Amino acid sequence: PGWVRRDQPNPAWAMRVCSTSLALALLAFHAAEAVVLQPRVRAPLFPSPHALRCLSSSVRLAAEPSETEAAAGDGAVPDGEGMSDAKAEKAAKKAEKDALRAQIDELEKKLTSARGDFVAAQDEAKDAGENGYLLLAANFERERQRARTELDGQAGYGRLEAMRPLLPFVEQFAALQAEADGADGGAAEVHKYYSGIHKQLTQVLEAAQLEPFDSAPGDAYDWRRHREVERRPSEEVAKNCVLEQTARGYTMGGELLREAEVVVSSGSAAAAAAAEAEAAAAAADAAAAVEAAAAADGEEAGEAGPEAGPEGSE
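Fair warning: this is a prediction, and the values are worked out from it, not measured in the lab. (Residues numbered from 1 in each chain as written. Predicted model: local features only at pLDDT ≥ 70, side-chain atom pairs only at ≥ 80, totals over all residues. Heavy atoms only, no water.)

Helices and strands together make up the secondary structure of the protein chain, namely eight helices and six strands. For the protein chain, the proportion of contacts with a sequence separation of at least 24, taken over those separated by at least 6, is 64%. Looking at the protein chain as shown, the accessible area adds up to about 23,900 Å², and 59% of this sits on carbon and sulfur atoms. (Helix = DSSP H or I, 4+ residues; strand = E, 2+ residues; numbered from the N terminus. Contact = heavy atoms within 4.5 Å. Areas by Shrake-Rupley, 256 points an atom, 1.4 Å probe, with all protein chains shown as cover.)

It is worth spelling out the packing of aromatic side chains at this point. Taken as a whole and assessed by the stated rule, the structure comprises one aromatic pair. Seen in terms of ring centroids, F169 and F173 are 5.6 Å apart; in terms of plane orientation they differ by 65 degrees. Their pairing is edge-to-face. Taken together, the residues F169 and F173, both in helix α6 (residues 167-179) and four residues apart, mark about one turn of the helix. The exposure class of F169 is partly exposed, given its relative accessible area of 46%. A residue is classified by how much of its surface remains accessible, and F173, at 10% relative accessible area, is buried. Over the ring of W223 we find R224, and its NZ or CZ is 6.0 Å from the ring centre. When the ring centre of F213 is taken as reference, the NZ or CZ atom of R225 above it lies at 4.0 Å. (Phe/Tyr/Trp six-rings, centres within 6.5 Å; stacked < 30°, edge-to-face > 60°. Buried < 20%, exposed > 50% of the residue type's maximum accessible area, 1.4 Å probe, protein only. Lys NZ or Arg CZ within 6 Å of the ring centre and 35° of its normal.)

Our next topic: the pattern of salt bridges. For the structure shown, the criterion picks out 13 salt bridges. Among the salt bridges present, the one from K93 reaches E89, with a minimum N-O distance of 3.8 Å. Of this pair, K93 and E89 both sit in helix α4 (residues 80-127), four residues apart, which is roughly one turn of the helix. Taking the shortest distance from any N to any O, the salt bridge between R146 and E143 comes out at 2.7 Å. Here the residue R146 and the residue E143 both occupy positions in helix α5 (residues 129-163), the gap between them amounting to three residues, near one helical turn. (Salt bridge = Lys/Arg side-chain N within 4 Å of Asp/Glu carboxyl O.)

Turning our attention to the side chain of R258. Mapped onto the elements, R258 comes out in strand β5 (residues 255-258). Looking at R258, the relative accessible area reads 19%, which means it is buried. Within the structure, the side chain of R258 is placed 2.4 Å from the side chain of E171, a separation counted as a polar contact. Within the structure, the side chain of R258 is placed 2.7 Å from the backbone oxygen of R248, a separation counted as a polar contact. (Polar contact = N/O pair within 3.5 Å; in protein donor to acceptor, adjacent residues only side chain to side chain.)

This brings us to the side chain of H226. Residue position: H226 is located in strand β2 (residues 226-232). There is a polar contact of 2.7 Å between the side chain of H226 and the side chain of S215.

One open sheet accounts for three strands, arranged β2-β6-β3; its pairing is mixed. The open sheet is flanked by β2 and β3 (242-247), the only strands paired with a single partner. Taking each pair of neighbouring strands and ignoring which way they run, the sheet shows an average axis angle of 30 degrees. Looking at chain direction, β3 and strand β6 (residues 260-265) are connected through four bridges and run antiparallel. Its bridge partner being in β6, Q245 is matched across the sheet by V262. (Pairing = 2+ DSSP bridges. Axes fitted to C-alpha atoms, helices over the stretch in contact; angles between N-to-C directions.)

So, on to unusual backbone geometry. Its identity is not glycine, yet Q209 carries a phi of approximately 60 degrees, on the positive side. Here Q209 lies in the loop between α7 (186-207) and β1 (210-213). Judged by its relative accessible area of 49%, Q209 falls in the partly exposed class. The backbone of N240 shows a phi angle near 60 degrees, a positive value even though the residue is not glycine. Inspection of the secondary structure assignment puts N240 in the loop between β2 and β3. For N240, a relative accessible area of 40% puts it in the partly exposed group.

Okay, here's the thing in structure tokens:
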């Protein structure tokens, strides 16, 4: 047959050849038995049923291909149904892989959530018991101190803002009490009546830690405690020093409530005049230098003009 390849050994083909040869040998044996061993019996020269069955089996085995060759033949030349089955099997495997991948992703998400829950449980365990109580107490004390600091700051700011508008009244009241020392008659009685009010006001200001401060002539000007209202030349006081105080300054609880108003010295008048003269001389020298440079540029331009004239005409 055409499916037999004689260039390569084939065990199935060899078995079929052997079975066929055996069947032919049995047929020949029965024929010889009928002719030679039993000459007196006129038996037909025909094989026995057993020999026929063996012969038919051998022929059927020789005609049918083996399972290995059938599988090889199906793999070599697959039909349409085989291809569809292969595609279906491949699609099923892909779907199974996708399902497994989805399950793995879901498990990873659950693992992340479980880790977060575990960390939260650890934190809760730390906050529980004696350690948790100590931590809570420390946090409460910290918040209490912060709130106290903020309240103290707000209270101090409120006191400063409430006391600042009263300073002119306090200064005028103090000036009136200073005039009461030389008063007589009815004015003395009036000042004596208001002296009790002034004493009570002084006690209230002392309780609020309100303290005045003065700036003497010659003190260095400090922009944090002084407010300059005027600048004058002075022969006795150095430059940038306090020449005169026009209003006292006040502090309240160690914080500045109002700056002292002062007149600042600009230095000696002669020194100021000399400085002005030097500045004027420097300005004049600079102007003269500019004029000289401009004149020199003009002369150079005039000298270059006649030389460039013929060339320009050409």
